[in-house]
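Residue-level structural notes
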Amino acid sequence: MYQFEAPSTARVIREAEALVIQWDDGETGVFSHAWLWENAPENRYFSGGARAYAAPGFQEPGSPWSVSVEYDETLVISWAGLREVSRYSLDDLRDSVMAFAGPELALAAD
């Protein structure tokens, strides 16, 4: 397990199958690697929001090779085995936790 402090808002804990994000107010979200990959903005078609895994040439992700948080509170994941970088707003990830029943939405959605 590897953890680091994000600038001012959240702490990110990297586990074998998921990232755990703990916000300063105590809210926690658990996001599986597969959920993060499927819900990355760049993995969706521009029209209609269809997932890109239906697109030709789609590759399944491995685990994150590196994880960091930029000062504008963007979670950045470089995927192992791929030349892909995914960017997520920490606010959007927090909103997805709040929209569902519990912090483990990403694990349950797999």
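Residues numbered from 1 in each chain as written. Predicted model: local features only at pLDDT ≥ 70, side-chain atom pairs only at ≥ 80, totals over all residues. Heavy atoms only, no water.

**Description of the overall build of the protein chain**
- Counting its regular elements, the protein chain contains three helices and seven strands.
- Scanning the protein chain from its N terminus toward the C terminus, one meets helices and strands in the order β-β-β-β-α-β-β-β-α-α.
- Nonlocal contacts in the protein chain, meaning residues at least 24 apart in sequence, comprise 39% of its contacts between residues at least 6 apart.
- Entry remark: accessible area of the protein chain is about 6,400 Å², with carbon and sulfur atoms responsible for 51%. (Helix = DSSP H or I, 4+ residues; strand = E, 2+ residues; numbered from the N terminus. Contact = heavy atoms within 4.5 Å. Areas by Shrake-Rupley, 256 points an atom, 1.4 Å probe, with all protein chains shown as cover.)

**Considerations on unusual backbone geometry**
- Phi is positive for Glu73, which is not a glycine, with a value near 65°.
- Topologically, Glu73 is positioned in the loop between strand S5 (64-69) and strand S6 (74-79).

**Section: the nonpolar core**
- One finds Ile21, Leu36, Leu75 and Leu93 to be the most contacted residues of the largest nonpolar core, which totals 20 residues.
- In contact with Leu93, other than residues within four places in its own chain, are Ile21, Trp23, Phe31, Trp35, Leu36, Leu75 and Tyr88. (Core = buried A, V, L, I, M, F, W, Y, C linked by side-chain atoms within 4.5 Å. Buried < 20%, exposed > 50% of the residue type's maximum accessible area, 1.4 Å probe, protein only.)

**Some words on the sheet that holds S6**
- One open sheet holds the three strands; their spatial order is S5-S6-S7, and the pairing between them is antiparallel. On the outer flanks of this sheet lie S5 and strand S7 (85-89), each paired with one strand and no other. In this sheet, neighbouring strand axes are inclined to one another by 15° on average, regardless of whether the strands run parallel or antiparallel.
- With five bridges joining them, S5 and S6 adopt antiparallel strand pairing. The residue of S6 that forms the bridge with Pro64 is Trp79. (Pairing = 2+ DSSP bridges. Axes fitted to C-alpha atoms, helices over the stretch in contact; angles between N-to-C directions.)

**Things to note about the pattern of salt bridges**
- Counted according to the given criterion, the structure contains two salt bridges.
- The partner of Asp25 in a salt bridge is Arg94, with the nearest N and O atoms 2.5 Å apart. Placement of the pair is Asp25 in the loop between strand S3 (18-23) and strand S4 (28-32) and Arg94 in helix H2 (residues 90-98), with a sequence separation of 69 residues. (Salt bridge = Lys/Arg side-chain N within 4 Å of Asp/Glu carboxyl O.)

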